[in-house]
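Take a look at the letters that make up each chain.
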Amino acid sequence: MANIQKDLMSYSKKTDSIQKQLHDKDSKTETVKILSRFFKEKSRKVVTAAVSSEENLALKRPTTQSSTMWDYAASRAVDGNKATSFSQSSCSHTNDDPGEPNWWRVQLDRPYRVRKVTVTNRGECCANRLDYFIVGLTNSTEDPVIGTYPLCGQYPSTVAPGATVTLNCDPDISAGQYVIVQQPSNGTGWLTLCEVEVYGEPVVKAAVSSEENLALKRPTTQSSTMWDYAASRAVDGNSQTSFGQSSCSHTDDDPGGPNWWRVKLDRPYRVRKVTVTNRGDCCGARLANAVPILSLGLLYRRSDKFNGGSSQRSLSPVRPVSIRSGAWCNCHSLL
């Protein structure tokens, strides 16, 4: 709030200054220069503030731990409450089990390149229950075993009572969706955490080629199936048009609503075009007036009939894609 008030005061002062300069100068060119300079300065401040913001990726995400003492669940370490007194019910705690070192794990919403992990220790006693701990990343849901996952780092001593410490990860560490806090290989006893915070950037996937078939071998379904002409045949990568070559889907001629076919893409896309190949040996009318429909998108209708070959139509955001018509067969779909 204080920053906003300072900005408003600055805005007011600069406005007065601009008005004075405009009063002193008649030139329209000078007017444009003054306003341009002012708004460029404001824009730089807004952009800088947006880039410098940090989000705790672990906050209220799913968690688990090697064991749980009483009701001190793993989730307490990501509840957003940094209270360090055990009586405030905001710390996780494992049992003192023999065997492998105790561990705690949080599942992020997707893989991230983690920059740093911040951990807060219990404050009123038992600080040594968080000592020489290691932090790692993985994409595996198996119980973590030291040496089987990339390490962010290891804290070099016992964390002071109630202290918050930060481990900075190696910039080259592999991306992971699960962040692990674990006792060292010779660690024994309980593991307690009052808060764990994770900071990093999501993995940016390479852009999908504009000519990649997004439907190829993806899950499919249709309103009904005639014999064994399954919906999946329309995305098998085989664009043969003869029915005897077993590469066309086909519905039954059921009464009721129009028959349909659907493919599920791996994630939402802005679809540029949909290409459909019709049966070639006969029955071309079974793919007449097909309507490609995009879930949560717009709908386009073709008024002409498919008499063989393929046709393309520009479309809007999609998942899944459906094609509706009368009883029909579809020999190949390309998204």
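Residues numbered from 1 in each chain as written. Predicted model: local features only at pLDDT ≥ 70, side-chain atom pairs only at ≥ 80, totals over all residues. Heavy atoms only, no water.

### Concerning the overall build of the protein chain
Helices and strands together make up the secondary structure of the protein chain, namely 2 helices and 20 strands. The buried share of the protein chain, reckoned over its 335 residues, is 39%. Working note: accessible area of the protein chain is about 18,500 Å², and carbon and sulfur atoms make up 50% of it. (Helix = DSSP H or I, 4+ residues; strand = E, 2+ residues; numbered from the N terminus. Buried < 20%, exposed > 50% of the residue type's maximum accessible area, 1.4 Å probe, protein only. Areas by Shrake-Rupley, 256 points an atom, 1.4 Å probe, with all protein chains shown as cover.)

### Focus: the environment of Thr 221
Within the secondary structure layout, Thr 221 lies in strand E10 (residues 220-222). Residues Thr 221 and Trp 261, spaced 40 residues apart in sequence, show a C-alpha to C-alpha distance of 6.0 Å.

### Some remarks on the packing of aromatic side chains
For any pair of aromatic rings, the description consists of the separation of the ring centres together with the inter-plane angle of the planes. Enumeration over the complete set of coordinates arrives at 4 aromatic pairs. Measuring from ring centre to ring centre gives 6.1 Å for Trp 70 and Tyr 72, while their planes differ by 50 degrees; the resulting arrangement is tilted. For Trp 70, a relative accessible area of 69% translates into the label exposed. Classification of Tyr 72 by relative accessible area gives buried; the value is 13%. The interplanar angle of 15 degrees and the centroid separation of 4.1 Å between the aromatic rings of Tyr 72 and Phe 86 together place this pair among those described as stacked. Separated by 14 residues along the polypeptide, Tyr 72 in the loop between strand E1 (63-65) and strand E2 (92-93) and Phe 86 in the loop between E1 and E2 bring together distant segments of the chain. Positioned over the ring face of Tyr 199 is Lys 116, at 5.2 Å from the centre of the ring. Over the ring of Trp 190 we find Arg 129, and its NZ or CZ is 4.0 Å from the ring centre. (Phe/Tyr/Trp six-rings, centres within 6.5 Å; stacked < 30°, edge-to-face > 60°. Lys NZ or Arg CZ within 6 Å of the ring centre and 35° of its normal.)

### Things to note about the nonpolar core
Within the largest apolar cluster, 29 residues are counted, with the highest numbers of intra-cluster contacts made by Trp 104, Val 114, Phe 133 and Val 198. For this core, the secondary-structure elements that each account for two or more residues are strand E3 (103-120), strand E4 (134-138), strand E6 (164-168), strand E7 (176-182) and strand E9 (195-202). For this core, the element with the most residues is E3, which contributes 7 residues. Excluding anything up to four places from it in sequence, Val 114 contacts Leu 108, Leu 137, Cys 169, Ile 173, Val 179, Val 198, Tyr 199 and Gly 200. Of all hydrophobic cores here, the second largest spans 13 residues; its members include Ala 234, Val 235, Leu 265 and Val 276. (Core = buried A, V, L, I, M, F, W, Y, C linked by side-chain atoms within 4.5 Å. Contact = heavy atoms within 4.5 Å.)

### Some details on the pattern of salt bridges
Going through the model one piece at a time under the given rule, you end up with 9 salt bridges. Sharing partners across several salt bridges, the network here consists of Glu 54, Arg 115, Lys 116 and Glu 201. (Salt bridge = Lys/Arg side-chain N within 4 Å of Asp/Glu carboxyl O.)

### So, the environment of Ala 288
Locating Ala 288 in the fold gives a position in the loop between strand E14 (275-277) and strand E15 (291-294). A C-alpha to C-alpha distance of 9.7 Å links Ala 288 and Asn 278, two positions 10 residues apart in sequence.

### A short note on unusual backbone geometry
Of all residues except glycine, most have a negative phi; of all peptide bonds, most are trans. Its identity as a non-glycine residue notwithstanding, Cys 126 has a phi of 60 degrees, on the positive side. Within the element layout of this structure, Cys 126 appears in the loop between E3 and E4. On the basis of relative accessible area, Cys 126 is assigned to the partly exposed category, the value being 23%.

### So, the side chain of Gln 222
Structurally, the position occupied by Gln 222 is in strand E10. Given the relative accessible area of 9%, Gln 222 is considered buried. Engagement of the side chain of Gln 222 in a polar contact is seen with the side chain of Thr 225, the distance being 3.0 Å. A polar side-chain atom of Gln 222 sits 3.2 Å from the main-chain carbonyl oxygen of Tyr 229. Excluding anything up to four places from it in sequence, Gln 222 contacts Tyr 229, Ala 230, Ala 231, Ser 249, His 250, Thr 251, Trp 260 and Trp 261. (Polar contact = N/O pair within 3.5 Å; in protein donor to acceptor, adjacent residues only side chain to side chain.)

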